[in-house]
Amino acid sequence: MGLSRDIESRRRCRFTDPPRTHSRCFPNPGVLLSTTNDQLIDQAAPSSGLNPDATDPDAAEPKTFAELGVSTPIVEALASHGITTAFPIQEMCLGLALEGRDVIGQAKTGTGKTLGFGIPLIQRIAAPASEDYAELPEAAQNKPQGLIVCPTRELALQVATDIEQAGAGLGIRVLSIYGGRAYEPQIDALRAGIDVVVGTPGRIIDLAGRGDLDLSHVRELVLDEADEMLDMGFLPDVEKIVALVPTNRQTMLFSATMPGQIIALARRYMNQPTHMRAIDPGDDSATVDAIEQHVWRAHPMDKVELLARVLQAKDRGLTMIFTRTKRKAQKITDDLTERGFAVGSVHGDLGQGAREQALRAFRSGKVDVLVATDVAARGIDVDGVTHVINYECPDDEKTYLHRIGRTGRAGASGVAVTLVDWEDIARWQMIDRALKLPFKDPLETYSTSPHVFTGLGIPEGTTGRLPKDQRTRAGLSAEQVEDVGETGKRTGGPRSRDDRRGGNRQGSGGSKRRGSSTSAGKSSSGKSSSGKSSSTKESGNSAGSTSSDGSKPRRRRRRRTHGGKPTGGKPTGGNPTGGNAAS
């Protein structure tokens, strides 16, 4: 019913009423909404594109990028990374996108949406070494021509890497800008000249507001993971960014999930967009068939034990574990590390340097388990991920799709295990109904349940600890932490309460007001303290003052006063009010 209503809404040729919010950056509300009879385009994806074991002789062979009109330098750059043929969503989008049409692309997670917008963007901008670049106005040279907006830092970094690889033959200069890193290196790169900027909304707005990022020459705008970018929480930031980009531009939106209300909202920013969705013939499910799914009802006190056994499944490669909260992510990391597994974590409590360290270690295989919150569920593409585990029930079907989509990518197979608590059964049944899955009533499961061992190929007798002879990974400590100049980071470690209040500090950097002493009665700040005490004398003796031989530094007692009178103790000599004569 929802699908029929969605298709019917796309058959309307014009807005009957203008959008509530519009500006000079939004197209005329009366223009056509699609270039192809205003209908949703559903293309039957070739089975061989998603299932390598398919033997249908009538299935269309995937086309090469050269056959789709991609320029030779880009084709050669992709071929150097083993990418020669296009996935269905790429094959559908490239034709229109290379012509400069606005495109809404939708396909299942892990089916190549990044290159679907990346290749047209690279080919349509003026490369620094091309003749077109010399024809650009002088004010537009060395300024960004393409802008890609991503919801998370990790996704922005990955997309920037993919764009840089595809545009290597053209000399395209790509910069990723996101929070958690120092401003200065990003500003220096922008001043040196950048062709494509990939970033998160917050940092893009910050740099543009400072005048360091000039978006007035952007002609290619991409919103990756569009449903998140156009969610109500991101809408003000998106509107600010759109207002900074020229109206004469190409706009592309790509995501795995695209609710009808988000599509209607996206049309405000686009000119005659064509919505294309790549699907398999007769496949109404939103998940990739190559992903083997298990949904179990588990007890919270047995989850870690069950998790440790699942991590010893047959042929398990890299594994991602998702949780709702950052505290739970850190606790799972600590528990699995204690059980002998090589684990890294990515969550909001970690600095940007630690998050990138964990991702690098995971990609290189130094750790084979990555525990993350949903910050890593959007678009992160790591080769060799065979298992995804939802330690807790996801919040909704979109979150579930993006989580399990970290495996089974680019035609590979994978395993997804979801552990559902008793109190989350109702939430899971809503997800199951929305995605048309056959797991309405999850099977009650414990760490000793036979179907856990048989279903995942776990050897009999496996315990909750990894045997020592299997602990062959180098671990997270083998990956160096990059100094990213994190914003808001304190150098020298966290300060104590006394340090923040200007109190006693040990060592040569100690306070000038109080001499600090060690357990042996000596202090490195003793000279400065005794030196000052020689020029100022206290009225009266205080506990801990210098001894008769003068070898120990003097120590003054601080007195609290109220109205000029001490709050405790007797007043000492020379000052009838009890105040400190030396002060």
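Refer to the preceding data block for the structure.
Residues numbered from 1 in each chain as written. Predicted model: local features only at pLDDT ≥ 70, side-chain atom pairs only at ≥ 80, totals over all residues. Heavy atoms only, no water.

A. Seen up close, the overall build of the chain. Each helix and strand counted, the chain has 20 helices and 17 strands in total. Buried residues in the chain amount to 47% of all 583 residues. Residue pairs in contact within the chain that sit at least 24 positions apart in sequence constitute 74% of those at least 6 positions apart. Total accessible area computed for the chain in this model is approximately 28700 Å², and 48% of it derives from carbon and sulfur atoms. (Helix = DSSP H or I, 4+ residues; strand = E, 2+ residues; numbered from the N terminus. Buried < 20%, exposed > 50% of the residue type's maximum accessible area, 1.4 Å probe, protein only. Contact = heavy atoms within 4.5 Å. Areas by Shrake-Rupley, 256 points an atom, 1.4 Å probe, with all protein chains shown as cover.)

B. Structural view of unusual backbone geometry. A positive phi angle is found at Asn142, which is not glycine, with a value near 65°. Even without a glycine there, the phi angle at Lys436 is positive, about 60°. Locating Lys436 in the fold gives a position in the loop between α17 (425–435) and β15 (443–444).

C. Molecular detail of the packing of helix α4 (residues 88–98) against helix α5 (residues 113–124). At a closest axis distance of 9 Å, the pairing of α4 and α5 adopts a crossing angle of 25°. By the angle class used here, α4 and α5 are roughly parallel. The interaxial crossing formed by α4 with α5 has right-handed handedness. Here Ile89, Gln90, Cys93, Leu94, Ala97 and Leu98 of α4 lie close against α5, whose contacting residues are Lys113, Leu115, Gly116, Ile119, Pro120, Gln123 and Arg124. Looking at side-chain class alone, the contact of α4 with α5 contains eight nonpolar, three polar and two charged residues. (Axes fitted to C-alpha atoms, helices over the stretch in contact; angles between N-to-C directions. Parallel < 35°, antiparallel > 145°, perpendicular 65-115°, else oblique. Left-handed = near helix turned anticlockwise from the far one by under 90°. Nonpolar A, V, L, I, M, F, W, Y, C, P; charged D, E, K, R; others polar.)

D. Spatial organisation of the side chain of Thr333. Along the chain, Thr333 turns up in helix α14 (residues 326–338). There is a polar contact of 2.8 Å between the side chain of Thr333 and the backbone oxygen of Ala329. Those residues in contact with Thr333 that lie beyond four places of it in its chain are Val343, Gly344, Ser345 and Val371. (Polar contact = N/O pair within 3.5 Å; in protein donor to acceptor, adjacent residues only side chain to side chain.)

E. Main features of the sheet that holds strand β14 (residues 414–420). Strands sit in the order β11-β12-β10-β13-β14-β9-β15 across an open sheet of seven strands; the sheet is parallel. Strands at the two margins of the open sheet, each flanked by one partner only, are β11 (343–346) and β15. Each of β10 (318–322), β11 and β12 (369–372) touches α14; the most contacted strand, β11, lies at about 175° to it. (Pairing = 2+ DSSP bridges.)

F. A look at helix α3 (residues 72–79). Taken as a whole, α3 has its buried residues at Ile74, Ala77 and Leu78. Projected onto a plane normal to the axis of α3, the buried residues spread over an arc of 95° and lie on a single side. Residues of α3 that are exposed and angled more than 90 degrees away from the buried face: Thr72 and Glu76. On the buried face of α3, the contacting elements are α5 and α7 (153–166). (Arc of directions from axis to C-beta.)

G. Examining the environment of Arg427 more closely. Inspection of the secondary structure puts Arg427 in helix α17. When its relative accessible area of 27% is taken as the criterion, Arg427 is described as partly exposed. Counting along the chain gives 34 residues from Arg427 to Cys393, while the straight-line C-alpha distance between them is 7.7 Å.

H. Structural context of the pairing of strand β2 (residues 103–106). Burial along β2 is two-sided: the face carrying Val103 and Gly105 and the face carrying Ile104 and Gln106 are both buried. With four bridges joining them, β2 and strand β7 (residues 250–255) adopt parallel strand pairing. The residue bridging Val103 from the neighbouring strand is Met252, located in β7.

I. The arrangement of the packing of aromatic side chains in detail. This structure, assessed with the given rule, holds two aromatic pairs. Judged by centre distance (5.4 Å) and plane angle (70°), the rings of Tyr400 and Trp428 are edge-to-face. Here Trp428 lies in helix α17 and Tyr400 lies in helix α16 (residues 397–404), a separation of 28 residues in the sequence. In this structure, Tyr400 and Trp428 share a single accessibility class: buried. One residue, Arg203, lies across the ring of Tyr183, its end atom 3.9 Å from the ring centre. Geometry around Tyr183 places Arg210 over its ring, the cationic atom sitting 4.7 Å from the centre. (Phe/Tyr/Trp six-rings, centres within 6.5 Å; stacked < 30°, edge-to-face > 60°. Lys NZ or Arg CZ within 6 Å of the ring centre and 35° of its normal.)

It is worth stressing that arrangement in space is one thing and function is another; only the former is reported here.
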